Amino acid sequence: MSWLDNIIPSIMRGKDTTHRNVVPEGLWIRCGDCENSLYRPELEKALNVCPKCGVHMRISARRRLDIFLDPPSRTELATDIGPIDALKFKDTKRYRERLSAAQKKTGETEALIVIAGQLKGIPVVAAAFDFNFLGGSMGYAVGERFTQGARHALEQKMPFIVFSATGGARMQEALISLMQMAKTASMIERMKVAGVPYISVLTDPVYGGVSASLASLGDINIAEPGVRAGFSGPNIIRETIRVELPEGFQRGEFLLSHGAIDMIVRRSEMREMIARLLSKMLNISLKSP
């Protein structure tokens, strides 16, 4: 008890003072770029884009699809496809233990979610990687979920939009993981031949086997501002070739200036932009707001 408590009458103190000036945990978030403290409800209204510096923070796959698709008429696809520990892989931990921890952390069964729904009235299939699930890595289940989503889009003549956020192939599945690059690329080619639009959206970060396959093969390749994308990280490249890399190397703006992507679109404008692109590609009119 402090000296101040001794001179304040108990009736003024009340019976319980332990709750005074307590801020609920998680109510404020610090921006990793500008280091400003941000009020969580306001940040969520801004779609997790920092109002101070404009950095696009990472969001979960499910939240991304929630803010992208129209609210009604959503059907999640390939929910029966889950990861398989075919190699019984073990490093410092067993692969199945890492999977269990990732599932508990994210509430998801795999790193890719695929949903059939609508975008401003246009029937679409949309998929999103969850970076919090083992770095959004692509193994058998991710490749198969992508394939089933693409097949549904192909059969129903619906555009396929994929939001990538990944560290690349999942090392615990070795060649099984690398095979998904060819499998997903094959499905994209089938859509292209059939005239079914495929739009790839890069969100921070996109590396490894995903960047070298499905993330780079869109009819239109879009990136959020400040996204980092490439096959290997800049530190590995710098150490390998022993040269200083250009400023902003592998950032979305650098990729755009060198023709690796088609456009950079802010998160708040993504729905409108992709809907407009699809209306042109499909020669249809958009549904009125």
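In case you missed it, the structure is sitting above this.
Residues numbered from 1 in each chain as written. Predicted model: local features only at pLDDT ≥ 70, side-chain atom pairs only at ≥ 80, totals over all residues. Heavy atoms only, no water.

A.B. asks: Give a description of the nonpolar core that names residues and reports values.
C.D. replies: Within the largest apolar cluster, 37 residues are counted, with the highest numbers of intra-cluster contacts made by F146, F160, M191 and L214. Elements with a contribution of two residues or more to this core: α5 (95–106), β4 (112–119), β5 (122–129), α6 (140–156), β6 (160–166), α7 (174–194) and β7 (198–207). Looking at this core element by element, the count peaks at five residues for α6. Filtering out sequence-adjacent residues up to four positions away, L214 remains in contact with F129, M138, F146, V162, S164, T184, I188, Y198 and S200. The next biggest cluster of nonpolar side chains, apart from the first, holds 24 residues, and it includes I220, I222, M263 and I274. (Core = buried A, V, L, I, M, F, W, Y, C linked by side-chain atoms within 4.5 Å. Buried < 20%, exposed > 50% of the residue type's maximum accessible area, 1.4 Å probe, protein only. Helix = DSSP H or I, 4+ residues; strand = E, 2+ residues; numbered from the N terminus. Contact = heavy atoms within 4.5 Å.)

A.B. asks: With reference to specific residues and values, describe the packing of α6 against α7.
C.D. replies: Packed helices, taken two at a time, are described by their axes: the angle between them and the distance between them. It is at 9 Å that the axes of α6 and α7 come closest, and there the two elements cross at 10°. Looking at the two axes, α6 sits roughly parallel to α7. Across from Y140, G143, E144, F146, T147, A150, R151, A153 and L154 in α6, the residues of α7 making contact are I176, Q180, K183, T184, M187, I188, R190, M191 and A194. When its residues are assigned to classes, the contact of α6 with α7 shows 10 nonpolar, four polar and four charged. (Axes fitted to C-alpha atoms, helices over the stretch in contact; angles between N-to-C directions. Parallel < 35°, antiparallel > 145°, perpendicular 65-115°, else oblique. Nonpolar A, V, L, I, M, F, W, Y, C, P; charged D, E, K, R; others polar.)

A.B. asks: I'd like a description of the layout of surface pockets, backed by residues and values.
C.D. replies: There is about 420 Å³ of room inside the largest pocket. Residue lining of the largest pocket: 24 residues in total, with N48, V55, H56, M57 and R58 positioned closest to the centre. Elements represented by at least two residues in the lining of the largest pocket include exactly β1 (28–30), α3 (40–45) and β7. In terms of residue count, α3 provides more of the lining of the largest pocket than any other element does, three residues in total. Among the residues forming the lining of the largest pocket, the class breakdown is eight nonpolar, six polar and 10 charged. (1 Å grid on protein atoms, 1.4 Å probe; cavity = no way out; pocket = protein on both sides within 12 Å on 5 of 7 lines; lining within 4 Å. Points joined across faces, edges and corners; volume = space filled by probe spheres on them.)

A.B. asks: Run through the pairing of β7, naming residues and quoting values.
C.D. replies: For β7, a buried count of 10 out of 10 residues is recorded, marking the element as mostly surrounded by other parts of the structure. Of the pairings in the sheet, the one linking β6 to β7 comprises six bridges and is parallel in character. Across the sheet, F163 pairs through a bridge with V201, a residue of β7. Handedness of the crossover is the feature at issue here: the chain leaves β6, passes through α7, returns alongside β7, and the resulting connection is right-handed. Of the pairings in the sheet, the one linking β7 to strand β8 (residues 220–223) comprises four bridges and is parallel in character. (Pairing = 2+ DSSP bridges. Right-handed = clockwise from strand over helix to strand, strands pointing away.)

A.B. asks: Explain empty space enclosed by the protein to me, using residue names and the numbers behind them.
C.D. replies: Per the counting criterion, the structure on display carries one cavity of 30 Å³ or more. Within this model, the largest cavity holds a volume of roughly 70 Å³. Every residue along the wall of the largest cavity is listed here: H56, M57, R58, I59, R64, F129, F131, A165, T203, D204, E224 and R267. For the lining of the largest cavity, the per-class residue count stands at five nonpolar, two polar and five charged.

A.B. asks: With reference to specific residues and values, describe a positive patch on the surface.
C.D. replies: A cluster of like positive charges, contributed by K88, K90, R94 and R96, occupies part of the molecular surface. Here R94 is to be found in the loop between β3 (75–77) and α5. By relative accessible area, which is 33% here, R94 ends up partly exposed. (Patch = residues over 30% accessible without salt bridge, like charges linked within 9 Å, V, L, I, M, F, W, Y side chains within 5 Å. Areas by Shrake-Rupley, 256 points an atom, 1.4 Å probe, with all protein chains shown as cover. Salt bridge = Lys/Arg side-chain N within 4 Å of Asp/Glu carboxyl O. Lys, Arg positive; Asp, Glu negative; His and termini not counted. Charge placed at Lys NZ, Arg CZ, Asp CG, Glu CD.)

A.B. asks: Could you give an account of the environment of M263, with specific residues and numbers?
C.D. replies: Here M263 shows up in strand β10 (residues 263–264). In the structure, M263 is positioned 40 residues away from A223 in sequence and 6.5 Å away in space, judged by C-alpha atoms. Sequence-distant contacts of M263, defined by excluding residues within four places in its chain, comprise I220, N221, I222, A223, L256, M273 and L277.

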